[in-house]
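Residue-level listing of the chains:
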Amino acid sequence: MGALVTILTVFAVVAAAVYQLYVSPLMTLLGVGRTVEVFGHSDRCYTIPEVPGCEKIILHHASGTLYMSCATLEQRAVWLNPSKTHTRPVKDANYIATYDHAHRKVTRLVLKDFPWADESIAFHGMDVVPSSLNHNELFVYLVHHRLPPNNQDPAFAGFHSTVEVFRTFVGSDTLTHISTVDDPAHMLVPNDVLGSSDGQSFFFTNSGTMQTGLTRNLRELLHPASSVIHCHVSSGQCKVAISGLSYANGIASAPNGTVYVASTIARGIRVLDRQEDNSLVMDDLIPTEEIFDNLSIDEDGVLWGAGIPRAFDAVETMKNSSLPSPSIAKSFAINTGTSSFFGEKYKIDTVFSDDGNVMSLLSTVVHDSQRHVMYYHGIVSKWLLVCPSS
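Residues numbered from 1 in each chain as written. Predicted model: local features only at pLDDT ≥ 70, side-chain atom pairs only at ≥ 80, totals over all residues. Heavy atoms only, no water.

Caption draft 1: A look at the sheet that holds strand β17 (residues 269-274). The strand order β15-β16-β17-β18 describes an open sheet built from 4 strands, whose pairing is antiparallel. At either end of the open sheet lies a strand with only one pairing partner, and these are β15 (248-253) and β18 (280-286). Taken over all neighbouring pairs, the strand axes of this sheet differ in orientation by 30 degrees on average, direction set aside. Here β17 runs beside β18; their pairing, made up of 6 bridges, is antiparallel. Bridging across to β18, Val-271 finds its partner in Asp-284. (Pairing = 2+ DSSP bridges. Helix = DSSP H or I, 4+ residues; strand = E, 2+ residues; numbered from the N terminus. Axes fitted to C-alpha atoms, helices over the stretch in contact; angles between N-to-C directions.)

Now the structure itself:
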């Protein structure tokens, strides 16, 4: 009996330690039991229901035009819950749109010379970059998911994922396709993309090493293996810029070249330094209490993130978009106040919080600092939400 008591005592101590060190922090990160307040939006905000399901939005700062990577909610559902029977391309279900705030006008862009228009399952991460030679010329980089080859079941095989490159001009209603970069060895689970100003290269995040399977998230928890990849458009060659990340998601770059990467399974936003060979080196970690999806940077150099305060609610919303999932948006800036002397390197503010009834499952937030406007959207949200920032 004494030996049994000793064994049980040791087991209890070990179990308590495992819970305290691993389980409890993970539950906190995923928002189990978290109460979500409602603030940051008022009767001065308004919705634009003509553009549902926009996973990523990008602001062209000079013109104030918002570019959006969107799909119908029905098409989002068949992508997020793949099956061989129901996951099929639907003409025009995926689209790129712009929003002109001054005139409250939405325009769906025509995709010219795009060979995969009738095969699209999902438009995902996107970047819009002014050309270094002509600021009215824009390069649009788009993560694109198609059905897997040979009639495979996407629920098991995942999707055939590529990065598409388009050219457009400020004010144009047309995107002209330039190139498809297709590298199955590196494009494992592409999520978001960060393009260059010459239209010739880009970084993208891989959210893991496998698109499907019950063990996918568990593998990322126990053995982080997601990555950021760098690709050249003309050659189609890609290489690993950094690996060993946890479920890398949104990616953004500051004017000084610093790269930020969010995670939807690990705490904190990674701060990366770009090297001459286009590899990335970990420099810092911005602390966060929640997991984050897409990132953006305004003209003042402030980093903005779309947070997921309750991860299990988010999972249910991706299965059924009628179920609300709480949303938060935060800003991250270098702390120049007196508290910086006490180790608070970053000034972090929650600027928006909702229980999911106004903005469900926020995946992208953008601040137009020139025009004092905030934009919020989500992968299965019913509308674009527009609010004043001051």
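Here the narrative resumes, following the displayed structure.
Caption draft 2: Local environment of the packing of aromatic side chains. Summed over all chains, the structure comprises 7 aromatic pairs. Aromatic pair Phe-202 and Phe-204: ring centres 6.4 Å apart, planes at 45 degrees, arrangement tilted. On the basis of relative accessible area, Phe-202 is assigned to the buried category, the value being 1%. Where Phe-292 meets Phe-332, the ring centres are 5.6 Å apart and the plane angle is 75 degrees; that geometry is what we call edge-to-face. In this pair, Phe-292 is assigned in strand β19 (residues 291-297) and Phe-332 in strand β21 (residues 327-334), connecting sequence segments 40 residues apart. Like Phe-292, the residue Phe-332 is buried in the burial classification. Each member of the aromatic cluster is reached from another via a ring pair, and the members are Phe-114, Phe-123 and Phe-166. The cationic tip of Arg-104 hangs over the ring face of Tyr-46; the distance from NZ or CZ to the ring centre is 3.6 Å. A cation over an aromatic ring shows up here: Arg-108 above the ring of Tyr-95, its NZ or CZ 3.5 Å from the ring centre. (Phe/Tyr/Trp six-rings, centres within 6.5 Å; stacked < 30°, edge-to-face > 60°. Buried < 20%, exposed > 50% of the residue type's maximum accessible area, 1.4 Å probe, protein only. Lys NZ or Arg CZ within 6 Å of the ring centre and 35° of its normal.)

Caption draft 3: How the structure looks around the pairing of strand β8 (residues 137-146). The buried fraction of β8 is high, at 10 of 10 residues. Judged by which residues are buried, β8 turns out to be covered on both faces: Glu-137, Phe-139, Tyr-141, Val-143 and His-145 on one side and Leu-138, Val-140, Leu-142, His-144 and Arg-146 on the other are all buried. In textbook terms, the turn of a hairpin is the stretch between consecutive antiparallel strands, and for strand β7 (residues 120-130) and β8 this stretch comprises 6 residues. Summarising the sheet, β8 and strand β9 (residues 160-169) pair through 10 bridges and their orientation is antiparallel. When the sheet's bridge partners are listed, Val-143 is paired in β9 with Val-163.

Caption draft 4: How the structure looks around the nonpolar core. Ranked by internal contacts, the top residues of the largest apolar core, which has 17 residues, are Leu-66, Met-68, Tyr-99, Tyr-375 and Leu-384. Of all the secondary-structure elements, those providing two or more residues to this core are β1 (46-48), β2 (56-60), β3 (65-71), β4 (94-100), β24 (373-378) and β25 (384-388). Counting residues in hydrophobic clusters, the runner-up holds 15 residues, among them Tyr-141, Val-165, Val-181 and Ile-229. (Core = buried A, V, L, I, M, F, W, Y, C linked by side-chain atoms within 4.5 Å.)

Caption draft 5: Quick peek at the side chain of Thr-258. Along the chain, Thr-258 falls in the loop between β15 and β16 (259-263). Not counting residues within four places of it along the chain, the set of residues in contact with Thr-258 comprises Ala-252, Ser-253, Val-271, Leu-272 and Asp-273. (Contact = heavy atoms within 4.5 Å.)

Caption draft 6: Main features of the state of the cysteines. Counted under the stated rule, the structure contains 3 disulfides. Disulfide partner of Cys-45: Cys-387, at an S-S distance of 2.1 Å. What sets the handedness of the Cys-45 and Cys-387 disulfide is the S-S torsion sign, and at about 120 degrees it is right-handed. Taken as a pair, Cys-45 in the loop between α1 (2-29) and β1 and Cys-387 in strand β25 lie far apart in primary sequence, 342 residues in all. Covalent S-S linkage joins Cys-54 and Cys-70, the inter-sulfur distance amounting to 2.0 Å. With the S-S dihedral at roughly 95 degrees, the linkage between Cys-54 and Cys-70 falls on the right-handed side. Taken as a pair, Cys-54 in the loop between β1 and β2 and Cys-70 in strand β3 lie far apart in primary sequence, 16 residues in all. By relative accessible area, Cys-54 is classed as buried at 0%. Given the relative accessible area of 0%, Cys-70 is considered buried. For the protein chain, numbering the cysteines in disulfides from first to last along the sequence yields the connectivity 1-6, 2-3, 4-5. (Disulfide = S-S within 2.5 Å.)

Caption draft 7: Here's a closer look at unusual backbone geometry. The phi torsion at Asp-113 lies on the positive side, around 60 degrees, for a residue other than glycine. Inspection of the secondary structure puts Asp-113 in the loop between β6 (110-112) and β7. Looking at Asp-113, the relative accessible area reads 54%, which means it is exposed. A positive phi angle, close to 45 degrees, is found at Tyr-247, a residue other than glycine. Note on placement: Tyr-247 falls in the loop between β14 (238-245) and β15. Residue class for Tyr-247 comes out buried when judged on its relative accessible area of 14%.

Caption draft 8: Layout of the environment of Asp-127. Residue placement: Asp-127 occurs in strand β7. According to the relative accessible area criterion, Asp-127 is buried, its value standing at 10%. Separated by 58 residues in the primary sequence, Asp-127 and Ser-69 place their C-alpha atoms 9.4 Å from one another. Discounting chain neighbours no more than four positions away, the residues touching Asp-127 are Ile-58, Phe-139, Val-140, Tyr-141, Val-193, Leu-194 and Gly-195.

Worth remembering: the numbers are spatial, not functional.
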